[in-house]
Amino acid sequence: MKSIILLIISIITLQANAQYRGLEWGSTKKNAIEKYGNPDVDGDSYIAYNYTLAGKSTLSVFYYKQDKLWMGVYLLEETHSNKNTYIDDYNSFKDLLSKKYGTPTEDETYWIDDLYKDDYSGWGMAISKGDMLKYSTWSDDKTDIECSILGDNYDITCKIRYASIELKDWVEKIDEKENLDDF
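Since the model is a prediction, treat every value here as computed from it, not as a measurement. For every chain, the first residue of the written sequence is number 1, and numbering continues from 1 onward in sequence order. Per-residue local features are limited, in this predicted model, to residues with pLDDT of at least 70; the limit for side-chain atom pairs, both in listing and counting, is 80 or more; totals at the level of whole chains, interfaces and linings are taken over all residues. Calculated side-chain values reflect all of the structure's heavy atoms, with hydrogen atoms and water omitted.

Brief notes about the overall build of the protein chain
The following threshold applies: For helices the rule is a DSSP run of H or I covering at least 4 residues; for strands it is a run of E covering at least 2, with both sets numbered from the N terminus onward. The rule is simple: take the accessible area with a 1.4 Å probe, protein chains only, and divide by the maximum for that residue type; under 20% is buried, over 50% is exposed, in between is partly exposed. Residues count as neighbours in contact if any of their non-hydrogen atoms are within 4.5 Å of one another. Per-residue accessibility takes into account occlusion by the displayed protein chains alone, with areas from the Shrake-Rupley method and a 1.4 Å probe. Positive charge is attributed to Lys and Arg, negative charge to Asp and Glu, and no charge count is given to His or to the chain ends. By convention, charge coordinates are those of NZ in Lys, CZ in Arg, CG in Asp, or CD in Glu.
The number of helices and strands found in the protein chain is 5 helices and 10 strands. Over its C-alpha atoms, taken along the principal directions, the protein chain stretches across nearly 60 × 50 × 30 Å. In the protein chain, which comprises 183 residues, the proportion classed as buried is 37%. Once local pairs closer than 6 in sequence are excluded, the contacts in the protein chain between residues at least 24 apart make up 49%. In the structure as shown, the protein chain presents an accessible area of about 10,900 Å², 49% of it carried by carbon and sulfur atoms. Placing the 21 positive and 33 negative side-chain charges of the protein chain at their respective mean positions leaves the two points 6 Å apart.

Written out as C-alpha cells, the structure reads:
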C-alpha cells in the first residue's frame, strides 16, 4: 500500500512540474481563460495576463500551437533608469528558480564586445546594447526552463521561459511546415 501511495505522489509531483501557471502542457486557450478570465492581451498564437511574479510586474504569456499550450513566458515589465537594476532582477529570478529546481544545468554569461567586462557599473549598458547576455537553464521530466537577460537597441528583456519537452519536436515540425508553405 505504501508503494502505491508513493507512486501516486510521484506522479502528482511530476504533473505539477509539467505545467505553466497550473495548466498542463497541451491544454487549450479555453482552459486558461476559464482559470484566469479574459486575457489582457490576445493574439492568434498566444494570450497574456499582467501578473506579479516575486513582487515584480510581468506579462505572463501562454503560447499555443493548434490550440495546445506548449510554452509559457514571464516577461519583466518594470522599467529602471539604472540598467544594472535589470541584472538584479535577473539574479533574483535565477536565485528563486535555483531554490525550486536546484543548481542550473547551464549558467552562462556571454560577451560579444567586452568593452565593459571589467567595469560592473557598465554591465547593464552592455546588455542593453546587445554586447552581453546572461542565461541559466533547468529541466525536469516534462519542462525546460530558461531564465535570461539580453538586450538590443538599448532595450533590455528579462524573462523566464517554460517549454514542454514532449511537444518540442511537434512544434518544430509545424513551424517548418509553415515556413515551407511561405515559399
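Here's the deal with the environment of lysine 129
Tracing the backbone through its elements, the reader meets lysine 129 in helix α4 (residues 123-129). With a relative accessible area of 30%, lysine 129 lands in the partly exposed category. Setting aside residues up to four positions removed in sequence, lysine 129 forms contacts with Tyr116, Gly151 and Tyr154.

As for the side chain of histidine 80
Rules: We call two N or O atoms a polar contact when they sit within 3.5 Å, provided that within protein one can donate a hydrogen and the other can accept it, with sequence-adjacent residues counted only if both atoms are side-chain atoms.
Residue placement: histidine 80 occurs in the loop between β6 (68-76) and α3 (84-101). At 2.6 Å, the side chain of histidine 80 forms a polar contact with the side chain of aspartate 89. With sequence-adjacent residues up to four places away left out, histidine 80 is seen in contact with Thr85, Tyr86 and Asp89.

What about the sheet that holds strand β10 (residues 155-164)?
Rule in force here: In this description, strands pair whenever DSSP reports at least two bridges between them.
In space, the 8 strands of this open sheet follow the order β3-β4-β5-β6-β10-β9-β8-β7, with antiparallel pairing throughout. Two strands lie at the open edges of the sheet, namely β3 (41-42) and β7 (106-111), each paired on one side alone. Taken together, the 6 bridges between strand β8 (residues 132-139) and strand β9 (residues 143-152) define a ladder with antiparallel strand orientation. By the bridge assignment, tryptophan 138 is partnered in β9 with isoleucine 145.

So, unusual backbone geometry
Positive phi, close to 45 degrees, is recorded for glutamine 66, a residue that is not glycine. Relative to the elements of secondary structure, glutamine 66 occurs in the loop between β5 (56-65) and β6. With a relative accessible area of 61%, glutamine 66 lands in the exposed category. Not every positive phi belongs to a glycine, and tyrosine 154 is a case in point at roughly 70 degrees.

Notes on the pattern of salt bridges
Spelled out, the test is: Any Lys or Arg side-chain nitrogen found within 4 Å of a carboxyl oxygen on Asp or Glu counts as a salt bridge.
For the structure shown, the criterion picks out 8 salt bridges. Ionic pairing is found between lysine 29 and aspartate 42, a salt bridge with its closest N-O pair at 4.0 Å. Of the two residues, lysine 29 sits in helix α2 (residues 29-36) while aspartate 42 sits in strand β3, which places them 13 residues apart along the sequence. The class of lysine 29 is buried, set by a relative accessible area of 17%. Here aspartate 42 falls in the exposed class, since its relative accessible area comes to 55%. Between lysine 65 and aspartate 175 there is a salt bridge whose closest N-O contact spans 2.5 Å.

A look at the state of the cysteines
The following threshold applies: The rule for a disulfide is simple: a pair of cysteine sulfur atoms within 2.5 Å.
Scanning the entire structure with this criterion turns up 0 disulfides. The closest cysteine sulfur to the non-disulfide-bonded cysteine 147 is located on cysteine 158, 5.4 Å from its own sulfur. Look at cysteine 147 and you get buried, because its relative accessible area is 0%. Classification of cysteine 158 as buried rests on a relative accessible area of 2%.

Remember, this is a structural readout, not a statement about activity or role.
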